[in-house]
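What the coordinates show
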Amino acid sequence: MPLELARLQAVPKPWGAYDLLPWSGIDHPDVAIGEIWLQRQDSALEPALLLKLLFTCEALSIQVHPDDDAAHAMGLARGKTEAWYVLAAEPGAVVALGLQSSLSQAQLRGSIEDGSIAERMLWRTAAAGDVIFVPAGTIHAIGPGLVLAEIQQRSDTTFRLFDHGRQRELHIEHGVASARAGPAAKQVPARRLSDARTLLLATAFFTLERFELAPESLWELRAQAETWLLVIAGEGRVGPWRAQMGEGCFVQAQTTHLAAGRTGLTCLVAYDAALPDHDLLRPIAVRNATTPAPSTINHPLLLAARANVQIPATEARA
């Protein structure tokens, strides 16, 4: 069963960034990269989840995603519930989640058509370490100056409601039909599962945790469900591979080792389960300090335009 390095795929976006350090060293002087997707090595094997990095130099569109029922009615495989983990935020960076008050469909349509929806959003400051749950149907937006890790149902169905004058297509009818036009659901705080594990979010579609592994410690990862791991601080080893910030892997029905380096190892771990797996991580030992070897992982980053990414005609890109 699979234990794979994630194949990293860079996706150009008009709101993206040119400087992706320290998350990626890709050379792309003429292309703004908005997203880096963690993919299976075999592109024919489609997982249930998508884990990606977002880099914002400009504001994204105000948008909404359909839930499963709405997606099925449109002939799509699934809806799109997602969550964001803020990796870095410039001072004053903001996100929006839900509206300040409830609107009828007619009122929502009118606010989209006259552009006033931007003033009706509930904006909040974002800071590193924030976890933001975005259930399908929630109108939302991401401002500039952010680096986010996003875990989501594997769908790219996005309906744009406002796009800051970029002249891209809006999706008013699908957006209004998919939206829950009101305040967002209350966010659930993170909680500790152990000294090394923090439960960030458990939803019907995925569970998201943060592992904080002490320097020179050794662990056993027992992943039964589809599991994605992304290194967000420190360095170490995942199975046979060295791993540094921005690198990740895919694991399913497999047991492997995680070894933290001299500065420790912090990872986001997302898996296809509605409840936390209490057997997911077990300590093995504390290793003697050694000089870390240079990373041997060199992922080719492919621009989406050159990678033949197939997007159904009914879907829109953010």
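These numbers come from a predicted model, not from an experiment.

To continue, consider the environment of P2. Here P2 is to be found in the segment before β1 (3-5). Spatially, the C-alpha atoms of P2 and V251 are 5.8 Å apart, while their sequence positions differ by 249 residues. The contact partners of P2, leaving out residues within four places of it in the chain, are R40, F250, V251, Q252 and Q254.

With respect to the secondary-structure elements, H140 resides in strand β10 (residues 140-142). With a relative accessible area of 2%, H140 lands in the buried category. Only 3.3 Å separates the side chain of H140 from the side chain of H65, close enough to count as a polar contact. Within the structure, H140 has its side chain in polar contact with the side chain of E82 (distance 3.5 Å). With near-sequence residues (within four places) excluded, H140 lies in contact with S61, I62, Q63, V64, H65, E82, W84, A96, L97, M121 and V134.

Judged by nonpolar contacts, the single largest core of 32 residues is most densely connected at L53, F55, Y85, L87 and I151. When residues in this core are grouped by element, the largest group, four residues, is from strand β4 (residues 49-56). Among all residues touching I151, those that are not within four sequence positions of it are L49, L50, L51, T81, E82, A83, F206, L208 and A270. Counting residues in hydrophobic clusters, the runner-up holds 20 residues, among them W219, L221, V238 and V251.

Residue P22 follows L21 across a cis peptide bond; omega there is 5°. Even without being a glycine, H164 presents a positive backbone phi close to 55°. Structurally, H164 can be placed in the loop between β12 (159-162) and α4 (172-178). Positive phi, close to 50°, is recorded for A253, a residue that is not glycine. With respect to the helices and strands, A253 occurs in the loop between β19 (248-251) and β20 (254-271).

Looking now at the pairing of strand β6 (residues 82-89). The element β6 is extensively covered by neighbouring structure, given that six of its eight residues are classed as buried. Across four bridges, β6 lies against strand β9 (residues 131-134) in antiparallel orientation. Among the inter-strand pairings, E82 is bridged to a residue of β9, identified as V134. Where β6 and strand β11 (residues 146-153) come together, seven bridges link them in antiparallel fashion. For A88, the partnering residue across the bridge sits in β11 and is V147.

Across all of its chains, the model carries 17 salt bridges by this definition. E46 is paired through a salt bridge with R78; the nearest N and O atoms lie 3.5 Å apart. Taken together, the residues E46 in the loop between β3 (33-39) and β4 and R78 in the loop between α1 (68-73) and β6 connect sequence positions 32 residues apart. Classification of E46 by relative accessible area gives exposed; the value is 57%. Judged by its relative accessible area of 23%, R78 falls in the partly exposed class.

What counts, and where the lines are drawn
Residues numbered from 1 in each chain as written. Predicted model: local features only at pLDDT ≥ 70, side-chain atom pairs only at ≥ 80, totals over all residues. Heavy atoms only, no water. Helix = DSSP H or I, 4+ residues; strand = E, 2+ residues; numbered from the N terminus. Contact = heavy atoms within 4.5 Å. Buried < 20%, exposed > 50% of the residue type's maximum accessible area, 1.4 Å probe, protein only. Polar contact = N/O pair within 3.5 Å; in protein donor to acceptor, adjacent residues only side chain to side chain. Core = buried A, V, L, I, M, F, W, Y, C linked by side-chain atoms within 4.5 Å. Pairing = 2+ DSSP bridges. Salt bridge = Lys/Arg side-chain N within 4 Å of Asp/Glu carboxyl O.

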